[in-house]
Amino acid sequence: MATTTSTRLSPVKLFIFIFAFRLLNSLTIQTFFQADEFFQALEPAHHFVYGYGYLTWEWKQQLRSAIHPLIYAVGYKLAGDNTTLVHVVPKIISALIATIGEYNLYKFVEVYKNEELAWITLMLSLFNPFNWYVSTRSFSNNLETVLTVLALRYWPWDKKISKSWYLSLAFGLVSCIIRPTNVLIWTPLGIWLLANTKITAKWILLSIVEVAAIMVLNTGLDYYFYQQHTFPLYNFLEFNVIKNLSIFYGTAPWHFYVFQAIPLMLMLYLPLTLYGLEKSVLLVTGLIYLIGFSLIQHKEFRFIYPLHPIMLYFTARGYHKLKPKYVIVGIFVNILIGLFFTNVHERGVLDVAHYLQDSPSIGFITPCHSTPWQSYFHNPELNAWFLTCEPPLHLNKPSMEEIRAYRDESDQFYDSPKGFLDAHLGADLPYPEHLVVFEPLEGFINEELGVTYHECKRFFNSYFHWDSRRNGDVIVFCKNR
């Protein structure tokens, strides 16, 4: 990692360099990470533009801000009905979002510390395998992270209120609109700013006016998207806090982020991160953010993604102090890890969707949302079904016993596969031309439906999986003639 000023690029060249890197990253991803990549961004955007697509219950219940899918809707408008562009344009948009994030990560560290550390942070970010795996996917967490970095860049670290404060406020507020839990970053930073800055009536008034204007604009965007008056922020809080239904999607122990998420996000960087920690408002902010998320029962790796840029800053400090000789080896290993997860692990669920692009009818006997949908098929005549997993919206503050007792459609099938198929296949679930299952169901399908179906295609998907129902290959069974 060069650190002399002669190696620096101009702002325009630096942005183009990062974009080229992330565009390559985005276009070469051939694997599936989590369903939200499609069902919480591309599917609602596709439905908004083309009038068809699968809307999950979150969008029917209007829990989410329209900002994120509307970004991709612009891309779909430009793509028209060109299937190739429908697949490619969202990848270009995701690469652009990631580029904006990393360019401003560089600018943030440059403002917060110095140019040399900014360059190191950027290089560490580019060669971080978790970023290669996640940053160019269409998750709302990615947009939330980019907005967080933008706000950090313009934050008044010099403790003086200037025009940049209002940019920081805007980006920080929108990050909280996208994901309300991002307030955990801005609360400690806000307290620090109030404690170290001269408060004036003009500052307070202009800030309130800006917040009100952004909220009004956001309400207008939500109305444009949902075609009715709604307030997703309240709906989100009602579901996750008042009704506490987020636990339906699983719970994890308090130490999940400390011992699983952070090591996975940093991988070989972790020792450098720990060595680079410093007593600062950023460290306090990070700890408060981490503690807050650790107290929330439902946990996922990407939920703490907005903390990642701060962790990379500490990693850069650790690298700068040590300048470890093994860094080249570490980068090589990081590249191998990134390529494995973006080109090998869990690629079968995308390969099978491509294979079945022109199928007359498909049935997915898999856990819900195991493959992309209309954002991938882009076919208004698609004749297909899959097992659903709607949460118990009728419950209010359910106990864990009530959650365990509730069985969605996927649960009903896996509780009693034979009983479920006897009751539903050929009735409300019509016999399709192609049935898709994961390898653990191979024997069951051969035994129960061997007279009607035969295996006709198999795709490698994974060597391992956190969900045993999704282990192994993806298998396509064709209807016998």
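Located above this text is the structure these notes cover.
The present account deals with the structure reproduced in this document. (Residues numbered from 1 in each chain as written. Predicted model: local features only at pLDDT ≥ 70, side-chain atom pairs only at ≥ 80, totals over all residues. Heavy atoms only, no water.)

## Brief notes about the pattern of salt bridges
One side chain can pair with another of opposite charge once the charged atoms of both are near each other. Per the counting criterion, the structure on display carries 17 salt bridges. Put simply, Lys107 and Glu110 hold a salt bridge, and the shortest N to O gap is 3.0 Å. Of this pair, Lys107 and Glu110 both sit in helix H5 (residues 83–112), three residues apart, which is roughly one turn of that helix. Residue Asp467 is joined to Arg469 by a salt bridge in which the shortest nitrogen-to-oxygen separation is 2.9 Å. Residue classification places Asp467 among the buried positions, given a relative accessible area of 7%. Each member of the salt-bridge network shares a partner with another, and the members are Glu442, Glu455, Arg458 and Asp473. (Salt bridge = Lys/Arg side-chain N within 4 Å of Asp/Glu carboxyl O. Helix = DSSP H or I, 4+ residues; strand = E, 2+ residues; numbered from the N terminus. Buried < 20%, exposed > 50% of the residue type's maximum accessible area, 1.4 Å probe, protein only.)

## Remarks on the sheet that holds strand E1 (residues 362–364)
Sheet architecture is open: five strands sit in the order E2-E1-E3-E5-E4, paired in mixed fashion. Of all the strands in the sheet, the pair left with one neighbour each is strand E2 (384–386) and strand E4 (453–459). Taken over all neighbouring pairs, the strand axes of this sheet differ in orientation by 20° on average, direction set aside. Sheet topology note: the E1/strand E3 (residues 434–438) ladder contains three bridges and is parallel. In the strand pairing of E3, Phe364 is matched with Val436. (Pairing = 2+ DSSP bridges. Axes fitted to C-alpha atoms, helices over the stretch in contact; angles between N-to-C directions.)

## Some words on helix H11 (residues 201–226)
When the terminal C-alpha atoms of H11 are compared, their 37 Å separation across 26 residues agrees well with the 38 Å that a helix rising 1.5 Å per residue should span. The inward-facing, buried residues of H11 contact helix H2 (36–50), helix H3 (57–60), helix H4 (67–79), helix H9 (163–178), helix H10 (183–196) and helix H12 (232–242). Two residues or fewer after H11 comes Gln227, characterised by a positive phi angle close to 60°. (Expected span 1.5 Å × (residues − 1). Contact = heavy atoms within 4.5 Å.)

## Topic: the packing of aromatic side chains
For the structure shown, the criterion picks out 45 aromatic pairs. Each ring, one from Phe108 and one from Trp157, has its centre 6.0 Å from the other, and the planes form 40°; the classification is tilted. With Phe108 in helix H5 and Trp157 in the loop between helix H8 (140–154) and H9, this residue pair connects regions lying 49 residues apart in the sequence. The exposure class assigned to Phe108 is buried, which follows from its relative accessible area of 0%. (Phe/Tyr/Trp six-rings, centres within 6.5 Å; stacked < 30°, edge-to-face > 60°.)

## Digging into the state of the cysteines
For the coordinates displayed, the defined rule picks out two disulfides. The partner cysteine of Cys368 in its disulfide is Cys389, sulfur to sulfur 1.9 Å. Here Cys368 and Cys389 share a disulfide; its torsion about the S-S bond, 80°, makes the bridge right-handed. Placement of Cys368 in the loop between E1 and helix H19 (374–377) and of Cys389 in the loop between E2 and helix H20 (400–405) is noted, with a sequence separation of 21 residues between them. Note on Cys368: relative accessible area 14%, which makes it buried. Residue Cys456 pairs covalently with Cys478 via a disulfide, S to S 1.9 Å. Between Cys456 and Cys478, the disulfide has an S-S torsion of 75° and is therefore right-handed. In this pair, Cys456 sits in strand E4 while Cys478 sits in strand E5 (residues 474–479), placing the two residues 22 residues apart along the sequence. Residue Cys456 is classed as partly exposed on the basis of its relative accessible area, which comes to 27%. Under the relative-accessibility criterion, Cys478 is labelled buried at 13%. (Disulfide = S-S within 2.5 Å.)

Limitation: the analysis is restricted to geometry and does not speak to function.
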